[in-house]
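Report on the structure
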Amino acid sequence: MRTEYISPKFQKLVFIKIKENLSPYVNKGNFIIVKENPKTLKNGDLVLLPRSCPLSIFWFSKISFIEKLPLKVFTIDKIFHKVGVKYIKTREGLEIPLEYVYGVIIKILDKNDEIFSELHLEDL
């Protein structure tokens, strides 16, 4: 079985402005930094999952035309293998294959963060 390795310098980070409350951790007006298609996760990570699974990559490319974020924030409770596929179990009890995870939240930026004003995010 061949596994793909992507060097950290080529991994894609996405910067998203939140327009609605997604969870107790991510509120309207915050920005989140997301690492897309994570290969490794750990318990307690905040991940973005589609509101309805499975969704194709083509569907995500059309997202710029939609106002609401079609993603939801979940906290990983457990990571396990089932029939050769890596799964995550969320605190809500959902069992989802790792391939459906859109990304892992690296950082949540709110108005109190120093970087928020340095990047002039309040203007966006």
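The paragraphs below set out a description of the structure included in this document. (Residues numbered from 1 in each chain as written. Predicted model: local features only at pLDDT ≥ 70, side-chain atom pairs only at ≥ 80, totals over all residues. Heavy atoms only, no water.)

1. Side note on the overall build of the protein chain
Looking only at helices and strands, the protein chain has two helices and seven strands in total. In the protein chain, which comprises 124 residues, the proportion classed as buried is 35%. Long-range contacts, defined here as pairs at least 24 residues apart, represent 56% of the contacts in the protein chain between residues at least 6 apart. Accessible surface, the protein chain as shown: approximately 8,700 Å² in total, 53% of it carbon and sulfur. (Helix = DSSP H or I, 4+ residues; strand = E, 2+ residues; numbered from the N terminus. Buried < 20%, exposed > 50% of the residue type's maximum accessible area, 1.4 Å probe, protein only. Contact = heavy atoms within 4.5 Å. Areas by Shrake-Rupley, 256 points an atom, 1.4 Å probe, with all protein chains shown as cover.)

2. Here's the deal with the nonpolar core
Counting residues in each nonpolar core, the largest one holds 13 residues, and the members touching the most others are Ile16, Val26, Ile32, Val34, Leu48, Val73 and Ile105. Secondary-structure elements contributing two or more residues to this core are strand E1 (13–17), strand E2 (31–36), strand E3 (46–50) and strand E4 (71–82). Sequence-distant contacts of Ile32, defined by excluding residues within four places in its chain, comprise Val14, Phe15, Ile16, Ile18, Val26, Leu48, Ile105, Lys107 and Ile108. The next biggest cluster of nonpolar side chains, apart from the first, holds ten residues, and it includes Ile76, Ile88, Ile96 and Leu98. (Core = buried A, V, L, I, M, F, W, Y, C linked by side-chain atoms within 4.5 Å.)

3. Some details on the sheet that holds strand E5 (residues 85–90)
Read from one edge of the open sheet, seven strands run E1-E2-E7-E3-E4-E5-E6, paired in antiparallel fashion. The open sheet has two edge strands, E1 and strand E6 (95–97), and neither has a second partner. For this sheet, the mean angle separating the axes of adjacent strands, direction not counted, is 45 degrees. In terms of strand pairing, E3 meets strand E7 (residues 103–109) through two bridges, oriented antiparallel. When the bridges of E7 are listed, Val47 appears paired with Val104. (Pairing = 2+ DSSP bridges. Axes fitted to C-alpha atoms, helices over the stretch in contact; angles between N-to-C directions.)

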